[in-house]
Structure formats: structure tokens, C-alpha cells
Amino acid sequence: MQQWAKGVYVPSIIFLLLCISSCSTSYGTGKTNTVQNETTGAKPKNVIFLIGDGMGLPQITGAMYMNNNKTVFERFKNIGFHKSYSADNLVTDSAAGATAFASGVKTDNGYLGMDAHKKSFPTILEMAETKGMATGLVVTCSMTHATPAAYYAHIDGRTDKEGIALQMLNSNVDLFIGGGENAFIHRTDGRDLVKELTDKGYVINDITHLPIEDLDMGTKKNIGFFTADDEPLPVTEGRNYAIPAADKALRFLDNRSPEGFFIMIEGSQIDWGGHANDANYVVTELHEFEKVIAEALDFAEKDGNTLVIVTADHETGGFAVNPGSKLNHIDVAFTTKEHTAMMIPVFASGPGAELFRGIYENTDIFFKMKSLMSLE
Ligand SMILES: [Zn+2]
């Protein structure tokens, strides 16, 4: 990122969004029946699902041109698009977006693990646990943030960190790595959820001040790493655990169960760069996330029985690579500080990857994974 000249930012351009009268309309359940006939091919033992929060095609494009025209996404041959809208808004938030992937239902913005009528649905992580698969969550935000929370919590308010943390006790996730320890230990109800998780059989590590590379993962117990008291730092301010954490997590989960494993890994802060209309934040987070994706692909190619899927919940910022851009020196603009309704690319590699071609609802990603993982 040395070539990134600070002066190249054009001022953020905010276009007024026309609030169309259909803003509050219900956009349907997003349920489709396209999966049944597509699953006669190979099925993976392991699934690595990677979410770049706020990572639309413009962000991928900008990161590519800021990396000498190279992108990890060139390693994928099976590419599709999903329609990212939620039950109550063409522009989804991360809670509804993650719930679509995790539970296969379109829900209202702000809801986790339940539909728009507040009916709870099992998550793919819970279903994988029931089947006996090993499971993991690795994120660069707090563990109670919307995207990871959608895999273990069922709640109608994404901002209720303490309530979400409490629901982690019901999850049997084998491994988690992320920030947000405060919601587990400094609580208004006085409970110490780190102690309660430990009593449940977890080994919980606070690695806020330690390099993850040095830690021993050699336990048969479930394991959790807190990487920050609240939200982890941006990459540009020194956060550096995502790549070794992904590597450690894959090694930990591999061969932990004869049924294989499911892991969700999130590049959480690409979205925060978009909200801040900060192109350098977006690109540096995305470059790190690309290295995490490369780790996943390397593991999967060596293993031969692992499906890797990469997508985003939504685009953030209305990011554009504008005229005047040159290789490794882009001029950018943003249309908003919020999310947008753009279709989102999906990249897949490994057994069953061909199912992810085409254009489909975000909820279909759940049904495709569920079918490939033979979950009920
Ligand atoms: Zn966001």
C-alpha cells in the first residue's frame, strides 16, 4: 500500500437516494426450489464459508488494481451472484444478510436467527453440530457482532451484545476467534460468561496482548480466543491475527470429527471502511481478507475434499473506481455512508462448487450448503 497517495481521494460524493415508495414493502421469503436437482454430484467433507462484510464487486476491483492487477479471486472457476435484499428492505443490514446465509430465511434488518415474524430457525452451524461435524467461527470484529452472531443467536435486536453473548452458551461451536470479551465478562447481570464457558468445557484464551502464533491449540476441548476487549483494531493500526488465526483454525478443525467441519470466517472491517468512506481502510482490509482466502484455498486444494465459498452480505458505500485511476493509484468515490442493494458475487471452489454458478437469492446459499453437507 506504499503507492497509495493520500492526496488521491476525491471528496466523498453523496448522492441523495430516492426513497422509492416500495421501501417498506415486503420483498418475500426468498425461498426457492432450485436445489433439489442439482445435488447429484460430489459432496465435500468440509465447508469453509468466507464472508467479506461490505465486499461488493467494486471493492474487489479496487483492491485488485491496488495490487498490481492481481486478485485471489482469479483462483475461482465457479462464480455467481446473489440478491442481497432483506425481508423489509432492498438494502439489507448485516444481521438479515447473515441470517439469510446461516438459516435460509429472509428476515427484517436487525434480526438474527429468526424470520420477520420472529420465528427462530436453526442455523447451519447448529445443524452441523447436530450431525457431529466440528464447527468454527473466526472474525475480525467482536464475537457478538451481527455476522458471527447469526450462527449461534436467535434474537430480534442485533445491538443486544449481552443477550447475544448469553446465547453463545447454547452453541457448541468447537472454536471461536474474535473480539468482544467485555460482553462476556463486564455484564449488567454480573455473570461471568468466560467462567461459564470454561465450566462447559471450553478453553478460553485472552490473546489481546499475545501473538496467536505462539498459542498451543493442542486440546481436545472446545476452544475460544478473545482478540480484543471490544472491537479489534483495523489492519492499518496493527491488527494482524486473521491470517494465522485462519491457518490455526483449519488445522484445529481438520480431522477433529469423521463427519468433517464447517467454519465461517469473516473479513469484518471491509464494511467499516465503506461506512467511513475510507478507501485505504477498505483496500487494506480486503488485501488481508484475500490472504485469508488464499489460506483456505491452499488448505482445500491440498485436502481435496473441502468446499470453499466466498461472498459478502452486501456492498457498503456505493464504492466506485473513477476516471483518472491508474494501476496501483486509484481515484475513488462513494455514493453513501450506508449499505447498497447491489447484487453480490459468490465464488466457489471444490466439490459441489458448480452449484454456486448463476443468479439466485442470498437464502439459496444456505440451501446449497445444507444440501451439500447432507444436513437435516
Ligand atoms: Zn455495515
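Here the structure is a predicted model, which means the values were calculated and not measured.

Calculation notes
Residues numbered from 1 in each chain as written. Predicted model: local features only at pLDDT ≥ 70, side-chain atom pairs only at ≥ 80, totals over all residues. Heavy atoms only, no water. Core = buried A, V, L, I, M, F, W, Y, C linked by side-chain atoms within 4.5 Å. Buried < 20%, exposed > 50% of the residue type's maximum accessible area, 1.4 Å probe, protein only. Contact = heavy atoms within 4.5 Å. Donors = N, O, S within 2.8 Å, 3.2 Å for Na, K, Ca; no water. Tetrahedral: all angles 85-135°; square planar, octahedral: opposite > 155°, others 65-115°. Helix = DSSP H or I, 4+ residues; strand = E, 2+ residues; numbered from the N terminus. UniProt positions renumbered as here; feature names shortened; annotations may be inferred. 1 Å grid on protein atoms, 1.4 Å probe; cavity = no way out; pocket = protein on both sides within 12 Å on 5 of 7 lines; lining within 4 Å. Points joined across faces, edges and corners; volume = space filled by probe spheres on them. Nonpolar A, V, L, I, M, F, W, Y, C, P; charged D, E, K, R; others polar. Salt bridge = Lys/Arg side-chain N within 4 Å of Asp/Glu carboxyl O. Phe/Tyr/Trp six-rings, centres within 6.5 Å; stacked < 30°, edge-to-face > 60°. Lys NZ or Arg CZ within 6 Å of the ring centre and 35° of its normal. Pairing = 2+ DSSP bridges. Axes fitted to C-alpha atoms, helices over the stretch in contact; angles between N-to-C directions. Arc of directions from axis to C-beta.

## Description of the nonpolar core
Counting 56 residues, the largest nonpolar core has F49, Y151, F176, F184, F262, F356 and M369 as its most contacted members. If sequence neighbours within four positions are ignored, F356 has contacts with I79, G80, L307, I309, V346, A348, I365, K368, M369 and L372. In this structure, A63, A249, I263 and L297 belong to the second largest nonpolar core, which totals 44 residues.

## Description of the coordination of the zinc ion
Taken together, D271 (OD), D271 (OD), H275 (NE2) and H339 (NE2) make up the protein donors of the zinc ion, found 2.0 to 2.3 Å from the metal. Because the angles between the 4 donor atoms bound to the zinc ion fall within 57 to 150 degrees, the donor set is best described as irregular. Each donor residue of the zinc ion belongs to the same chain, with the gaps between them written as D-x3-H-x63-H. Of this pair, D271 and H275 both sit in helix α9 (residues 270-275), 4 residues apart, which is roughly one turn of the helix. Exposure remark for D271: the relative accessible area of 4% places this residue in the buried category.

## A look at the UniProt feature "binding site: Mg(2+)" (unreviewed entry) in the chain
Those residues carrying the UniProt feature "binding site: Mg(2+)" (unreviewed entry) are D53, H145, T147 and E266 in this numbering. Considering the C-alpha atoms alone, the annotated residues occupy 214 residues of sequence yet fold into one spot, their largest mutual distance being 11.3 Å. Narrowing the list just given to those that line the largest cavity leaves E266. Along the chain, the position of H145 falls in the loop between β3 (134-142) and α4 (146-149). Among the structural elements, E266 can be located in strand β7 (residues 261-267).

## Quick word on empty space enclosed by the protein
Applying the stated criterion across every chain, the model contains 1 cavity of 30 Å³ or more. In this structure, the largest cavity encloses a volume near 40 Å³. Lining the largest cavity, in full, are V138, T140, A242, I265, E266, G267, E288, F289 and V292. Every element with two or more residues in the lining of the largest cavity is listed here: β3, β7 and α10 (279-303). In terms of residue class, the lining of the largest cavity is made up of 5 nonpolar, 2 polar and 2 charged.

## As for the pattern of salt bridges
Going through the model one piece at a time under the given rule, you end up with 14 salt bridges. When the shortest N-O distance is used, the salt bridge between E301 and R75 registers 3.1 Å. Taken together, the residues E301 in helix α10 and R75 in the loop between α1 (57-65) and β2 (78-83) connect sequence positions 226 residues apart. Using a relative accessible area of 31% as the deciding quantity, one classes R75 as partly exposed. The shortest N-O distance in the salt bridge between D199 and K195 comes to 3.0 Å. Of this pair, D199 and K195 both sit in helix α7 (residues 193-199), 4 residues apart, roughly one helical turn. Among the charged side chains, a network of salt bridges with common partners joins R75, D298 and E301.

## Brief notes about the packing of aromatic side chains
Across all of its chains, the model carries 11 aromatic pairs by this definition. Measuring from ring centre to ring centre gives 5.3 Å for F176 and F226, while their planes differ by 65 degrees; the resulting arrangement is edge-to-face. Of this pair, F176 sits in strand β4 (residues 175-179) while F226 sits in strand β6 (residues 222-226), and the two are 50 residues apart along the sequence. A network of ring pairs unites the aromatic residues F176, F184, Y202 and F226 as a single cluster. Its guanidinium or amino end placed over the ring of Y85, K106 lies 3.5 Å from that ring's centre, counting from NZ or CZ. The ring of Y360 carries the charged tip of K368 above its face, separated from the ring centre by 4.5 Å.

## Focus: α1
Those residues of α1 lying buried are P58, Q59, I60, G62, A63 and M64. Considering only its buried residues, α1 is in contact with α9, α10, β9 (315-316), β10 (320-321) and β13 (344-349).

## A word on the sheet that holds β2
Taken together, 10 strands build an open sheet; the order of strands is β5-β6-β4-β3-β7-β1-β8-β13-β2-β14 and the sheet is mixed. The open sheet is flanked by β5 (202-206) and β14 (358-361), the only strands paired with a single partner. On average, each strand axis in the sheet is tilted by 15 degrees relative to the strand beside it, whichever way the strands run. Here β3 pairs with β4 via 4 bridges, running parallel. Paired with V138 across the strands is I177, a residue of β4.

## Some points on helix α3 (residues 124-131)
Considered for burial, the residues of α3 that qualify are I124, L125, M127 and A128. The arc that holds every buried residue of α3, seen down its axis, measures 160 degrees, which confines them to one face. Contacts made by the buried residues of α3 are with α2 (94-103), β3, β7 and α11 (362-372).

## Details of the UniProt feature "active site" (unreviewed entry) in the chain
With numbering aligned to this structure, UniProt lists the feature "active site" (unreviewed entry) at S94. Considering the arrangement of structural elements, one finds S94 in helix α2. Residue classification places S94 among the buried positions, given a relative accessible area of 2%. Ignoring any residue separated from it by four or fewer positions in sequence, one finds S94 in contact with D53, A146, T147, R158, D313, H314 and H339.

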